[in-house]
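Here are the chains, one letter per residue:
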Amino acid sequence: MTNFSLLEQINDTADVRGLSRDQLGQLAQELRGFILESVAQTGGHLSSNLGTVELAVALHHVFNTPEDKIVWDVGHQSYGHKILTGRREQMHTLRQQGGLSGFPKRSESPYDAFGTAHSSTSISAALGMAAAARHLGLSQRQHIAVIGDGALTGGMAFEAMNNAGVTDDINLLVILNDNDMSISPPVGALNRYLARLLSGNLVGGARDKLKKILKSAPPVLEFAKRFEEHTKGMFVPATMFEEFGFNYIGPINGHDLDSLLPTLENLKHRGGVQFLHVITKKGQGYKLAEEDPIMYHGPSKFNPQQGIQPTTAPKSPTFTQVFGQWICDMAEKDWRLVGITPAMREGSGLVEFHERYPSRYFDVGIAEQHAATFAAGLACDGLKPVLAIYSTFLQRAYDQVIHDIALQNLDVTFAIDRAGLVGADGATHAGVYDIAYLRCVPQILIATPSDEAEARALLSTAYQYEGPAAVRYPRGSGIGAVVPTDLDTLPIGKAKVVREGQKAAILVFGTLLHASQLAAEQNNATLVDMRWVKPLDEALLTQLIHTHSHFITVEDSTKVGGAGSAVSEWLSAQGVTKQVLHLGLPDKFIDHGDCAALYALNGLDEQSIASTVSAFVA
Ligand SMILES: Cc1ncc(C[n+]2csc(CCOP(=O)(O)OP(=O)(O)O)c2C)c(N)n1
Ligand SMILES: CC(=O)[C@@H](O)[C@H](O)COP(=O)(O)O
Ligand SMILES: [Mg+2]
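Residues numbered from 1 in each chain as written. Chains lettered and ligands numbered in written order. Predicted model: local features only at pLDDT ≥ 70, side-chain atom pairs only at ≥ 80, totals over all residues.

**Points about the overall build of the protein**
Looking only at helices and strands, the protein has 26 helices and 17 strands in total. Its C-alpha radius of gyration of 27 Å places the protein within 12% of the 25 Å reference for a compact globule of 618 residues. Overall, the protein is about 95 × 60 × 55 Å in size when its C-alpha atoms are taken along their principal axes. For the protein, the residues scored as buried account for 50% of the 618 residues in total. Across the protein, the fraction of contacts at a sequence separation of at least 24, relative to all contacts at a separation of at least 6, is 76%. (Helix = DSSP H or I, 4+ residues; strand = E, 2+ residues; numbered from the N terminus. Rg over C-alpha atoms; globule rule 2.2 N^0.38 Å. Buried ≥ 20, exposed ≤ 12 C-beta atoms within 10 Å, placed from the backbone. Contact = placed C-beta atoms within 7 Å.)

Here it is, written out as structure tokens:
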């Protein structure tokens, strides 16, 4: 157990501002130890937080928070900030029901200037605040966006810089926390650019060229030497950030308080639109995380002395793993298959596919909009793209799904992971809107497998369909169904009757099928694994309306506009009046917590479904 004697005296940022240089060093050391112990007990985003310890200490020492505003991009690196801003004693509740959020949250603390979790929003939000400050005459207020090199690949960051660079009379400081990592190794030209910037090659290379040009005119070379800064401006390309209108400073060592503190102090007094490039190491100070920042990006609880141990207990494969196996198998059979991920290789189960089919694997960075339209482009040439994407992040690409894919009926398969509640990440990451936002889009198919075996079959079906088709499946494992190795398909728009009953028909979309079994048995109801939200099995529904008086729909997504609504719309279009009950998630944001407990709280566990159905049917 580390000694936290100084950290324990920090109750708000006035305490941090009052510390001496030596004390700040001690504070950083204690903070790092505290984060490690705390995350080891709760689980959470470790590597990124170990990398931003000095940054959090320096920012809260130099700036007058909460009056000055810090926006942490993604916010998965904000634990140090939380601990220094009065939440140290609640850290053991992190990401648990009723406890602290794993991300900045305005309702949690006045120090959380902006809620984040989806990436690349920080510059826009801080710019908005800076413009508001100008409007309100708050000319002293400072606005700081801390953004990672991964998050900087998101298009929004560039939209914001484009806007910021021509905005006058504001105080905006963008801090690029460059650790040369996204969740997986970073990709793209921006990453290469940052590496060149860091190595000095960019400026050095241009200087060499400049020297060659000037050699033919020696007196000018002398002139150039004496006025290096001036000639640099004339001949050497400015950094990209300067071209955007920022004053670029860096790169500096983000773990060195002697660099950070005076630089931030200086920038605070300068005002204007500033860009500070800070170099950090993901996992800094915990050897295991430094060596494997991917494994320690978002671990569950672990023993910090031993590190994460491989699990020995046999476990049934997660839906993600089922997808990972399926895409490899389908790729082996069909050379046209290409796989796309917007920076979620590990989480989406694409590690093996990447290894086996590197030329058919595309990590496009944190760029969901681009990922969708890029898939559309691939499909235009007869390739068969599979876009592996979390439900919550597909929200980013909504127009691209409609305008670029569905409208042109392009053959893109969406493998939508993390559908339904996701647990510890909470409301920001919940995959509960996809059914509602996709089912109103013409020409797209939507499948909702009830178990792992069906997930594989429906992935094959969606893939073979020559148009846009989505298969949504949740985080984690299902019932442990035996997954076949074939690539057989299922009929499109055909449901499966699991149990024949009378009076009531329980129509289930997705994995809540199993939690609905008890309700069916207790009420002698018909139980249907609907499999498809779109198209609905209208033939089966037509039969059921003749034999059943009560209809119950069940889904792990929002009831508003969800699969149940599709059934009601269909019934209404037939002019049929039935007793209908929709079970699903309510019209409110559901915070973090244990997934099963959250479903139970929302009436979607086995017992609740059974008693609600019984009361409805009685
Ligand atoms: C829109 C969006 N897409 C994907 C993610 C998932 N995600 C969370 S953190 C992360 C990597 C961020 O990299 P960086 O900004 O460099 O921060 P680091 O993890 O290196 O600290 C990704 C892809 C997200 N939060 N938001
Ligand atoms: C911050 C973020 O967006 C990711 O790190 C996310 O927390 C990963 O979630 P999974 O653990 O479900 O992959
Ligand atoms: Mg990074």
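There's more to say after this.
**A closer look at the UniProt feature "domain: Transketolase-like pyrimidine-binding" (unreviewed entry) in the protein**
As annotated by UniProt and renumbered to match this structure, "domain: Transketolase-like pyrimidine-binding" (unreviewed entry) occupies residues 317-481. For the annotated span residues 317-481, helix accounts for 40% and strand for 16% of the residues, and the straight-line distance between the end C-alpha atoms is 9 Å. (UniProt positions renumbered as here; feature names shortened; annotations may be inferred.)

**Observations concerning the site of ligand 2**
Around ligand 2 sit Val-74, His-76, Ile-183, Gly-298, Gly-347, Arg-418, Val-422, Asp-425 and Arg-475, and those are all the residues in its vicinity. In terms of residue class, the shell around ligand 2 is built from three nonpolar, three polar and three charged. The two domains that each donate at least three residues to the shell around ligand 2 are domain 1 (7-286) and domain 2 (319-472). (Near = placed C-beta within 6 Å. Nonpolar A, V, L, I, M, F, W, Y, C, P; charged D, E, K, R; others polar. Domains from an automatic or database assignment.)

**As for the domain arrangement of the protein**
Segmenting the protein into domains produces domain 1 (7-286), domain 2 (319-472) and domain 3 (496-617). Inter-centroid distance (C-alpha atoms) of domain 1 to domain 2 is 33 Å. Tallying the contact residues gives 19 residues for domain 1 and 16 residues for domain 2. Grouping the amino acids of the side of domain 1 that touches domain 2 by side-chain chemistry returns five nonpolar, 13 polar and one charged.

**A look at the site of ligand 1**
Around ligand 1, the structure places 22 residues, and the nearest of them are Ser-48, Ser-119, Gly-148, Gly-150 and Ala-151. Of the residues assigned to the shell around ligand 1, the class counts are nine nonpolar, nine polar and four charged. Of the domains in this structure, domain 1 (7-286) and domain 2 (319-472) are the two that each give at least three residues to the shell around ligand 1.

**Examining the UniProt feature "binding site: Mg(2+)" (unreviewed entry) in the protein**
Residues annotated in UniProt with the feature "binding site: Mg(2+)" (unreviewed entry) correspond here to Asp-149 and Asn-179. In three dimensions, the annotated residues from a span of 31 residues occupy one location, with a maximal C-alpha spread of 6.9 Å. Take Asp-149: it is sitting in the loop between strand 2 (143-148) and helix 7 (155-164). Relative to the assigned elements, Asn-179 resides in the loop between strand 3 (171-178) and helix 8 (189-199). Note on Asn-179: 23 C-beta atoms within 10 Å, which makes it buried.

**Description of the packing of helix 15 (residues 319-333) against helix 21 (residues 452-464)**
When two helices pack together, you describe them by how their axes are tilted relative to each other and by the distance separating the axes. One way to put it is that helix 15 packs onto helix 21 with a least axis distance of 10 Å and a crossing angle of 40 degrees. The angle between helix 15 and helix 21 places the two elements in the oblique class. The handedness of the crossing between helix 15 and helix 21 comes out as right-handed. Here Phe-319, Val-322, Phe-323, Trp-326 and Met-330 of helix 15 lie close against helix 21, whose contacting residues are Glu-452, Ala-455, Arg-456, Leu-459, Ser-460 and Tyr-463. Taken together, the residues that form the contact of helix 15 with helix 21 break down as eight nonpolar, one polar and two charged. (Axes fitted to C-alpha atoms, helices over the stretch in contact; angles between N-to-C directions. Parallel < 35°, antiparallel > 145°, perpendicular 65-115°, else oblique. Left-handed = near helix turned anticlockwise from the far one by under 90°.)

**Considerations on the sheet that holds strand 17 (residues 579-585)**
Strand order in the open sheet formed by five strands is 12-14-13-16-17, and the pairing between neighbours is mixed. Edge strands, defined here as strands with exactly one partner in the open sheet, are strand 12 (496-499) and strand 17. When the angles between neighbouring strand axes are averaged without regard to direction, this sheet yields 25 degrees. Relative to strand 14 (residues 526-529), strand 13 (residues 503-509) runs parallel, the two sharing four bridges. Bridged to Ala-505 within strand 14 is Thr-526. Here helix 24 (residues 563-573) sits on the sheet in contact with strand 13, strand 16 (548-558) and strand 17, set at roughly 145 degrees to strand 16. Where helix 26 (residues 606-617) meets the sheet, its contacts fall on strand 13, strand 16 and strand 17, and the angle it forms with strand 16 comes to roughly 150 degrees. (Pairing = 2+ DSSP bridges.)

**Things to note about the nonpolar core**
By size, the foremost hydrophobic cluster in this structure holds 171 residues, and its most contacted members are Ala-375, Leu-387, Ala-470 and Ile-506. If one sorts the elements of this core by residue count, helix 2 (residues 21-42) sits on top with nine residues. Discounting chain neighbours no more than four positions away, the residues touching Ala-375 are Ile-340, Pro-385, Leu-387, Ile-405 and Val-412. (Core = buried A, V, L, I, M, F, W, Y, C linked by C-beta atoms within 7 Å.)

**Topic: the environment of Glu-569**
One can find Glu-569 in helix 24. A sequence separation of 513 residues divides Glu-569 from Ala-56, and the C-alpha atoms of the two residues are 52 Å apart.

**Quick word on the environment of Ile-366**
Relative to the assigned elements, Ile-366 resides in the loop between strand 7 (361-363) and helix 17 (368-380). Between the C-alpha atoms of Ile-366 and His-118, which are 248 residues apart in sequence, the distance is 9.7 Å. Those residues in contact with Ile-366 that sit more than four places away from it in its chain are Ser-119, Ser-120, Gly-150, Ala-151, Thr-153, Gly-154, Ser-182, Pro-342 and Ala-343.

**So, the sheet that holds strand 2**
Strand order in the open sheet made by the five strands is 1-2-3-5-4, with parallel pairing throughout. Either end of the sheet is taken by a strand with one partner, and the two such strands are strand 1 (69-72) and strand 4 (247-253). Taken over all neighbouring pairs, the strand axes of this sheet differ in orientation by 20 degrees on average, direction set aside. As paired strands, strand 3 and strand 5 (residues 272-279) are joined by eight bridges and run parallel to one another. Looking at the pairing, Asn-177 lines up with Val-278 of strand 5.

**Here we look at the confidence of the model for the protein**
Here the protein shows a mean pLDDT of 94. Residues at 70 or above account for 94%. A low-confidence stretch, residues 213-235 stays under pLDDT 50, and its non-local contacts, those more than four residues away or across chains, total six contacts. Model confidence for the complex is summarised by a pTM of 0.95, with the ipTM given as 0.99. (pLDDT = per-residue confidence, 0-100.)

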